[in-house]
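Examination of the molecular architecture
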Amino acid sequence: MPGFAPIYPDTRAPVLVGRDAELATAVATMRNLATRLLTITGPAGVGKTRFAVELGRLIADDYADGAIVIDLTTISEPEALDGELARVVGLRGVDGQLELDDWLRNHQVLLVLDN
């Protein structure tokens, strides 16, 4: 599926140089049950995507349905986000929002939204 990529715990992201402390902090933050959202920011080219994918790989087993990366570079309007999420997880019904709500309610998955 375009835009959708599962993260497998045994697949490493490209090398992250000098990010061990930040990665350990992010893993601990995400394993805190109170955390529902983690935003990774920084200038272009510093490795935010690689960092997020590696974080997802490290904690994918914490989620019954694993972790997936969704590339949002094709989204230009915030209103299109729900439709894109529904599309990449394979929902094709008449009422995408209701289906997406149901899908999210019935899956324990880490969503890594890139861009």
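See the structure above.
Predicted, not measured: the structure shown is a model, and the values here were computed from it. (Residues numbered from 1 in each chain as written. Predicted model: local features only at pLDDT ≥ 70, side-chain atom pairs only at ≥ 80, totals over all residues. Heavy atoms only, no water.)

Considerations on the nonpolar core
The tendency in soluble globular proteins is for nonpolar side chains to be buried as a group. Core analysis: the biggest nonpolar cluster contains 15 residues, and Met-30, Leu-55, Ile-59 and Leu-110 have the highest contact counts within it. Mapped onto this core, the elements with two or more residues apiece are α1 (20–31), α2 (48–59), β2 (67–71) and β3 (110–114). Filtering out sequence-adjacent residues up to four positions away, Leu-55 remains in contact with Leu-23, Ala-26, Val-27, Met-30 and Leu-38. In terms of nonpolar packing, the next biggest core, distinct from the first, is built from 11 residues, Leu-72, Leu-85, Ala-86 and Val-109 among them. (Core = buried A, V, L, I, M, F, W, Y, C linked by side-chain atoms within 4.5 Å. Buried < 20%, exposed > 50% of the residue type's maximum accessible area, 1.4 Å probe, protein only. Helix = DSSP H or I, 4+ residues; strand = E, 2+ residues; numbered from the N terminus. Contact = heavy atoms within 4.5 Å.)

Comments concerning the pattern of salt bridges
Applying the stated criterion across every chain, the model contains four salt bridges. Between Arg-57 and Glu-54 there is a salt bridge whose closest N-O contact spans 2.8 Å. Of the two residues, Arg-57 and Glu-54 are both situated in helix α2; the distance of three residues between them amounts to about one turn of the helix. As far as the burial class goes, Arg-57 and Glu-54 line up, both buried. With a closest N to O distance of 2.8 Å, Glu-84 and Arg-87 form a salt bridge. One end of the pair is Glu-84 and the other is Arg-87, both in helix α3 (residues 81–88) and three residues apart, which spans about a single turn. (Salt bridge = Lys/Arg side-chain N within 4 Å of Asp/Glu carboxyl O.)

What about the side chain of Asp-114?
You can see Asp-114 is positioned in strand β3. Among buried charged residues, Asp-114 stands out as having no salt bridge; its nearest opposite-charge side chain is Lys-48, 7.5 Å away. At 2.9 Å, the side chain of Asp-114 and the side chain of Thr-49 are in polar contact. Beyond its immediate chain neighbours, meaning those up to four positions away, Asp-114 contacts Thr-49, Val-69, Ile-70, Asp-71, Leu-72 and Thr-73. (Lys, Arg positive; Asp, Glu negative; His and termini not counted. Polar contact = N/O pair within 3.5 Å; in protein donor to acceptor, adjacent residues only side chain to side chain.)

So yeah, pure geometry; function would need other evidence.
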